[in-house]
Each structure stands twice: as structure tokens, then as C-alpha cells.
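Listed below, chain by chain, are the residues.
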Amino acid sequence: MKRKILSNIKADLIFFSRNGWLIGIVAVLVLHALLSFIFGGLIPLYHANRFENIQNIVGSINNYGFIIVVALGIVTIFSHSTQRCLKMVFTKPCLPDVWIFSLFLSIAIVAILIFFLSFLTGSLLFVIWKVPYQPGLIFVCIKECCEAMIMSFFLLLLSLIVHPLIAVFLITVLNESSLYYICLSVRAALESTSTFSFWHAFWLNISKSVSEILYRTVPIINPYAEKFNEVVKSWLVLSEDWAHLTVYVLYTMVASWLMAIFSTEALKKKRLI
Amino acid sequence: MIEAKNVYVSYNRTFRRRVTALSDFNLTVKPGDIFGLLGPNGAGKSTAIYTLLGLLKPDYGTVRVMGEHLYPGSSLFQFISYLPEEAHYHLYLTVEEAINYYAELYGYHPSSKQIKQLLETFGLDEFRQLKLSHCSKGMKQKVGLVQIFLNHNAKIMFLDEPTRGLDPLTTVQFRDMLLEKNKNGVTIFLNSHILSEVEMICNRVAIMDRGHVIIEDELKSLLSRKQNQYEVEFEPCTDIPGYVFVTAKTDSSVKGLIDSERLYDFFDFLKQRKVKLYICALKKTTLEHVFTSIVKGTSNEKKDSFEHQS
């Protein structure tokens, strides 16, 4: 089992490094970073606050990392479905559970590596520019890593249920912030007046129930949003923030485990031929 | 070893009606058989293999391989090798990486020497660092063959069009390796369009059309069923009897086919007319003749019954 997981992880990591889509995404991001650095970053880099510069650079790396990590799962599913090569895996003594678990681990490894790189870059800049070290750096990197992993795994799960392209469109609706605003809007509509026709009220109530169920079902990408945003802005971390982050890391692990189970079930129902 | 009873498989085509791929599909493969599954395009041969391998779930019916029901990733796959019809391999891997990966999924950790030896056997050694996406069709097929021979525990081999895209030398070599494996007790389930190949190595065959098996028998008895014609060559003469189906006529001889029950009538005719008989031999029936007559016969029967119903 351990050997098979390692073999699958090795194959996944090779796939990540060779896939045209992923290489394309990385190339575009590198180009964007270079252009931003040349046209928008050089001047503030010399004049602005060094601490802010570190925040901006780490923030940019984290944003790029987020996009790459989110793309990993969906591109893997898309490519393996198109190439129909999964039947070569499942006609060997390797269960879909093992393959999915390996894929989740591979994505987690890449995510951890990218955000560790971001952390290293920030730390190095603290040393080079002689800026007092802020623990917010590690906090932000861990938080962003968890966000990226949850988003990637959720998109991976959706792409196993529907076509990957439809999954991308679905994720724009099936995320906590969109669903939160939908819930608020429906609730407000219901409370605004009591002169609805029967069918109007019926559909609004259905919409309310569905949106609330979905809101409670979809994984939370950004919990403790207000508190975490404060830390992201200032990089000042209070002890209670660490406690919240610990809870978020634990939540990420539990949510990932659940999404791995659901993904396995979705994969078993998928036509593998 | 392999058993399918009253299997029905259907699936939805995107935006199209439901398609029945297998209907009342029955099959039995005994241990040690080299079993050939034949049929025209769209007969359901590949679907049958997918169903036997557990990649497709039947709507009805039972499928047993080595007494158990197969499902994706089942531990029973350590005794099964499978070669797909199309090169649906991990195209982003190099030849060597793919072989290593598939071997590791079987639970083997072949040394580089062992892999080199297998790659050399199929003439792939110099391409070991080439990505599968850059390999030719034949090379990909060879990679598929290497991965089936990697599994030393294999008791059954499912081969879907195994010689597709292979050069004649590799085809012969592969056939020998297959026969060698069979001698060592490996059951082979072969799905092929190349009837001469099936005739050469299979001991049992099944012919299927439109999702179900029309006939399943020993190859020998299947071939002997149609051995009721004689090929004759005789001196040209006038008034050749109607039961002689003339296939060629020259100034020096006439060639023809005669049903066995009319052979003595033909001898009497030759005796009366004092015509010389040059050759008289039992016509060797090939699998191609059997296949063509059975498949054509079935489609004609279906056509007739459809016309009768309408």
C-alpha cells in the first residue's frame, strides 16, 4: 500500500512538472510577476516602506501559489479523463481510494512546497533588508496554504462529478461568499414584504432552504475572515489568532479527508473506459 | 476461470438514446484456454472485456473471473494482465517510467537490468527515455506488451487487439511468448480482428454480434463443421453438372467445388464421360470462412425476421 501510494505520488509529481496546461499557467504567472515587477514594482521598491514591500512580495507569491495549487487537481482529473489512462491503474491491484489519496497528498506536497518557498522568500527579505521579523509571515503562509488546498480539493471533487469546465463555472456559485450573499438576499426578499403570491413565497422558501443547505455544505475557504484579514494587513499575530489558525488547520485536514472520501466515491461511479 | 451469464450492459450516450452494448451475453473460458473473442466492428467485444474486468457494471447478469466478481483495483488483479485496445497509457511518462510505474502498481520493483532486458526483447531499449506521447503507435503497443509480461503472477491475460500496429517480427515474437505463457498455465483471453492469428493460437473461440455470443466452441470442431466441400480439378468437358460450382476454367483444366454428398455422383459422371480427374481434395475451411458465414447468416436471419414481422 505504502509503495503504491509512493509510486502514484511520483507519477503525479512528474505529471505536474510536464503537463502543458500547468506549465502554461506557471509561465503566464511568471510573466505577470516580471511585468508587475518591472512596470509597477521597481519604483516603490526603492522608496516605500520595506516591510510593506515584503508584504507585497509574499502576497504576490501566495496569490500565484493559490492559482497553481487550485489548478493542480482539476488539470489532473481533466487530463487523466481525456487520456483515459485510469483504466491502466485500476486494472492493477490499486484501488481508486489509493489513487485519490495519493493525488491529494501530491497536491498537498506541492502546496506546502510553494508556500514554504513564499515563507523562505519573506524570511530572506527580512534578513536582507534588516526589517524586524514579524510572525505574521508564517501565519499568512499557513493560512493561504490551507485555503489553496481546500479550494483545490473541492474543485477536484466537483470535476469528478461534472465536466471539469462546468466545475470551474460551478465553483463561482458554490463558494461560501456567493452562497452567503444569496442566502442574505433571499432572506431579505422574504422579510421585505408579506404580500407574495403563494407560488412566489413557495419558490423563495425553497430557494432559501437550498441556498442555506448549500452554504452549510460547501467547504469554508476563509473562516474567521475579519480576524484573519486583520492579521494579513498588519502581520501582527495575537495568541488567539494562533488558536484560530490551529482550528483552521485541523478543519482543513478534516475537510480534505471528507473530500477525499467523496472524490473516491465519485471516481468509482465515473466511467473509466 | 471466466464466466459470464445472461449479462446485459447498456449506457447513455451524451445527448443520445440509451445504447445496449451487451444483451444476453454468455461465455465460459476454462483454465488453460487460449480463448478468442471474434466479431465485427461494434459487436461489443471491447465492452465484453471491460465488463469482465469490472470496469463496466452490468445491468443484469453475473460475471465471475477466477470465481470472483472483479471491481476496479481489486486485489485479484495481481493475477491478471490487461492490454487495452487503444494506447490509453500515461502519456506524460517516459517508456521506462511507465514500465516502472505499472510494475510498482503490481507490487513489483524490477531492477533496471530486468527492465532493460524486457525493453530489449521488444526493441524499446534505445527509446527508454522517450516520452510515451512522442512514441509511435507501434512503440506504444510494445510498451503495453512489456507491461503485461511484467506480471509474473499472471494467471489470466486479457488482450484487446494485441498485435495492432506491431511489425511482423514482433508479432511472431509476441505470439511465441504468448504460447510459452500458456504452456506455463496462463489462460489467455484474446480479442482480435485478425482471424489468421486467432486460428494460429486459439483453442476455443466465440463469435459475437450485436452484443451477444452467436457461437462458442472448440476451434477444431468449429472448423470441421464447414468441411463438407471438395476442391476438384478435371479435364475440360461439356455439360458440367450443375452441382459443380466452377471456380476457374482454362483450356487445360476446370477447377470447381462440390458438396461432399454429390462427390460419388461426380465420380460416376467422370467415369461415364471418360474425363480425367487431376485433383480431388477436401476443402480446408479457414476461420475466415466460418466467421463470414456465421455472421452473415445471423444478420440475414435477423433481416428476414424483421421483414417477416413488418
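Because the structure is a prediction, the values reported are computed rather than measured. (Residues numbered from 1 in each chain as written. Chains lettered and ligands numbered in written order. Predicted model: local features only at pLDDT ≥ 70, side-chain atom pairs only at ≥ 80, totals over all residues.)

So, about the overall build of chain B. In terms of helices and strands, chain B carries 9 helices and 13 strands. On the principal axes, the C-alpha backbone points of chain B span a range of 75 × 50 × 35 Å. Of all 310 residues assigned to chain B, the portion counted as buried reaches 36%. By sequence separation, contacts in chain B at least 24 residues apart represent 69% of the contacts at least 6 residues apart. (Helix = DSSP H or I, 4+ residues; strand = E, 2+ residues; numbered from the N terminus. Buried ≥ 20, exposed ≤ 12 C-beta atoms within 10 Å, placed from the backbone. Contact = placed C-beta atoms within 7 Å.)

Packed helix pairs are specified by the crossing angle of their axes together with the interaxial distance, meaning the distance between the axes. In the contact formed by helix 1 (residues 2-18) of chain A and helix 2 (residues 95-106) of chain B, the axes pass within 9 Å of each other and the chain directions differ by 155 degrees. Between helix 1 of chain A and helix 2 of chain B, the crossing angle belongs to the class labelled roughly antiparallel. As helix 1 of chain A packs across helix 2 of chain B, the resulting crossing turns out to be left-handed. For the pair helix 1 of chain A and helix 2 of chain B, the contacting residues are Arg3(A), Lys4(A), Ser7(A), Ala11(A) and Ile14(A) in the first and Glu97(B), Tyr101(B), Glu104(B) and Leu105(B) in the second. Grouping the constituent residues of the contact of helix 1 of chain A with helix 2 of chain B by class yields 4 nonpolar, 1 polar and 4 charged. (Axes fitted to C-alpha atoms, helices over the stretch in contact; angles between N-to-C directions. Parallel < 35°, antiparallel > 145°, perpendicular 65-115°, else oblique. Left-handed = near helix turned anticlockwise from the far one by under 90°. Nonpolar A, V, L, I, M, F, W, Y, C, P; charged D, E, K, R; others polar.)

Where the parts come together, the accessible area they lose is often given as the size of the interface. Across the boundary between the two partners, chain A contributes 24 residues, which contact 25 residues of chain B. Within the residue set of the side of chain A that touches chain B, elements represented by two or more residues are helix 1 and helix 4 (86-90) of chain A. In terms of residues, the side of chain A that touches chain B owes the most to one element, helix 1 of chain A, which gives 7 residues. Class assignment of the residues belonging to the side of chain A that touches chain B gives a composition of 13 nonpolar, 4 polar and 7 charged.

Glancing now at the sheet that holds strand 7 (residues 187-191) of chain B. Residues and elements named next belong to chain B. As summarised here, the arrangement of the 6 strands in space is 5-6-7-3-8-9, forming an open sheet in which the pairing is mixed. Of all the strands in the sheet, just strand 5 (80-83) and strand 9 (212-218) have a single pairing partner and so form its edges. Here the strands of the sheet are splayed against their neighbours by 15 degrees on average, with no regard to which way each runs. Sheet topology note: the strand 8 (residues 204-209)/strand 9 ladder contains 6 bridges and is antiparallel. Residue Ala206 lies in a different strand from strand 9, and its bridge partner there is Glu216. Contacting strand 3 (34-38), strand 6 (156-160), strand 7 and strand 8, helix 1 (residues 45-52) crosses the sheet at an angle of about 150 degrees to strand 6. (Pairing = 2+ DSSP bridges.)

Here the domain parsing of chain B yields domain 1 (2-223) and domain 2 (228-282). Here the C-alpha centroids of domain 1 of chain B and domain 2 of chain B sit 46 Å apart. (Domains from an automatic or database assignment.)

Moving on, we get to the sheet that holds strand 10 (residues 229-234) of chain B. Whenever strands of a sheet pair, they do so through backbone hydrogen bonds, lying parallel or antiparallel. Residues and elements named next belong to chain B. Here 4 strands make up an open sheet; going across it, the order is 11-12-10-13 and the pairing antiparallel. Among the strands making up the open sheet, the edge pair consists of strand 11 (245-249) and strand 13 (277-282). Each strand of the sheet is rotated relative to its neighbour by a mean of 20 degrees, with strand direction disregarded. The sheet contact formed by strand 10 and strand 12 (residues 254-259) spans 6 bridges and is antiparallel. Across the sheet, Val232 pairs through a bridge with Gly256, a residue of strand 12.

Residues and elements named next belong to chain B. Phi at Asn6 takes a positive value of approximately 45 degrees, unusual for a residue other than glycine. Looking at the element boundaries, Asn6 is found in strand 1 (residues 2-12). One non-glycine residue, Met66, lies in the positive phi region at around 55 degrees. Looking at the element boundaries, Met66 is found in the loop between strand 4 (60-65) and strand 5.

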